Amino acid sequence: MFIYQDLSFRVIEKEDLEILRKLHNDPSTWMNLLNIDFIDEEDQIEWWKNLHKKKNDQRYVICFAEKPEEIIGRLRIQNINWLHKNCEIGLDILPEYRGKGFGKKSYEMVLEFLFNHYNMHMVYLKVADFNPNAKKLYEKVGFKETGRLPQFYFRHGKYWDYIIMSMLKDEYQKA
Ligand SMILES: CC(C)(COP(=O)(O)OP(=O)(O)OC[C@H]1O[C@@H](n2cnc3c(N)ncnc32)[C@H](O)[C@@H]1OP(=O)(O)O)[C@@H](O)C(=O)NCCC(=O)NCCS
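Novice: Sorry, what's going on with the overall build of the chain here?
Specialist: A count of helices and strands for the chain gives 6 helices and 8 strands. When the helices and strands of the chain are listed from N to C terminus, the series reads β-β-α-α-α-β-β-β-α-β-α-β-β-α. At 16 Å, the chain has a C-alpha radius of gyration in line with the 16 Å of a compact globule built from 175 residues. Evaluated residue by residue, the chain yields a buried proportion of 46% over its 175 residues. For the chain, the proportion of contacts with a sequence separation of at least 24, taken over those separated by at least 6, is 59%. Carbon and sulfur atoms make up 51% of the accessible area of the chain, which totals about 10,000 Å².

Written out as structure tokens, the structure reads:
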């Protein structure tokens, strides 16, 4: 468990699966994700049982530090490259907690963990061009647009750019 102010992230327990499944299958979430893969209980349990095997891909729940059973969202730290010390991140907040500053604070928490404890040199994320609210949030926490995969992403009847945003440890420390 990692604690940052009143938030924390921790490993996913079996009791968390239902709420995570609902979050994943909710149109307000999956519409903004690259893969459309609705999940059922059986598939999810299989996925959860195999999580520990993926050393370069870690999944957590974001929760309140003092109430770890109350989930705010989910966190992905993926494509962890130990040689070059970089990784990709992503997180989704439960609909009832959106728009209250938890997304921003969750990113601050993850960046503090990755740069000051996990010894990452560069952290990146990807966001679809049709999700300007999320892009605004990433800019607010200090990410810069550093690339684009043109027309990578089909959604809402057309192809959209997939925007790559990144942050170096130096940039994090200067902010
Ligand atoms: C995107 C997401 C993680 C943002 O988390 P959040 O808790 O709602 O965001 P916050 O309340 O911390 O907002 C931080 C900033 O993001 C931007 N933002 C977030 N939601 C917004 C909205 N609905 N409209 C306008 N700006 C928004 C704003 O700049 C905001 O700062 P402000 O409140 O000072 O204006 C969350 O809404 C979510 O999980 N959405 C569904 C799935 C998704 O889009 N995932 C990301 C895929 S790349």
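That was the structure; now back to the text.
Novice: What is the right way to read the side chain of R21 from this model?
Specialist: With respect to the helices and strands, the residue R21 is situated in helix α1 (residues 17-25). One buried charged side chain, R21, makes no salt bridge at all; its nearest oppositely charged neighbour is E41, positioned 4.2 Å away. Residues within four places of R21 in sequence aside, it is in contact with I39, D40, E41 and Q44.

Novice: Is there a simple way to think about the site of the ligand in this case?
Specialist: Taken together, 20 residues lie around the ligand, and I93, G101, G103, K104 and K140 are the ones closest in. Note that an oxygen atom of the ligand is positioned 2.8 Å from one of the backbone N or O atoms of I93. K140 places a polar side-chain atom, nitrogen or oxygen, 2.7 Å from an oxygen atom of the ligand. Here the ligand loses 73% of its free accessible area of 910 Å² to cover by the protein chains. For the shell around the ligand, the elements supplying multiple residues, two or more each, are β5 (86-93), α4 (102-116), β6 (122-128) and α5 (132-140).

Novice: Is there a simple way to think about the pairing of β6 in this case?
Specialist: In summary, the side chains of a regular strand alternate between the two faces of the sheet. Most of β6 sits out of view: 5 of its 7 residues are buried. Pairing geometry for β5 and β6, over 3 bridges, is parallel. Directly across from E88, in β6, lies its bridge partner Y124. Sheet topology note: the β6/strand β8 (residues 158-168) ladder contains 7 bridges and is antiparallel. If you follow V127 over to β8, its bridge partner there is I163.

How each quantity is defined
Residues numbered from 1 in each chain as written. Predicted model: local features only at pLDDT ≥ 70, side-chain atom pairs only at ≥ 80, totals over all residues. Heavy atoms only, no water. Helix = DSSP H or I, 4+ residues; strand = E, 2+ residues; numbered from the N terminus. Rg over C-alpha atoms; globule rule 2.2 N^0.38 Å. Buried < 20%, exposed > 50% of the residue type's maximum accessible area, 1.4 Å probe, protein only. Contact = heavy atoms within 4.5 Å. Areas by Shrake-Rupley, 256 points an atom, 1.4 Å probe, with all protein chains shown as cover. Lys, Arg positive; Asp, Glu negative; His and termini not counted. Salt bridge = Lys/Arg side-chain N within 4 Å of Asp/Glu carboxyl O. Near = heavy atom within 4 Å. Polar contact = N/O pair within 3.5 Å; in protein donor to acceptor, adjacent residues only side chain to side chain. Pairing = 2+ DSSP bridges.

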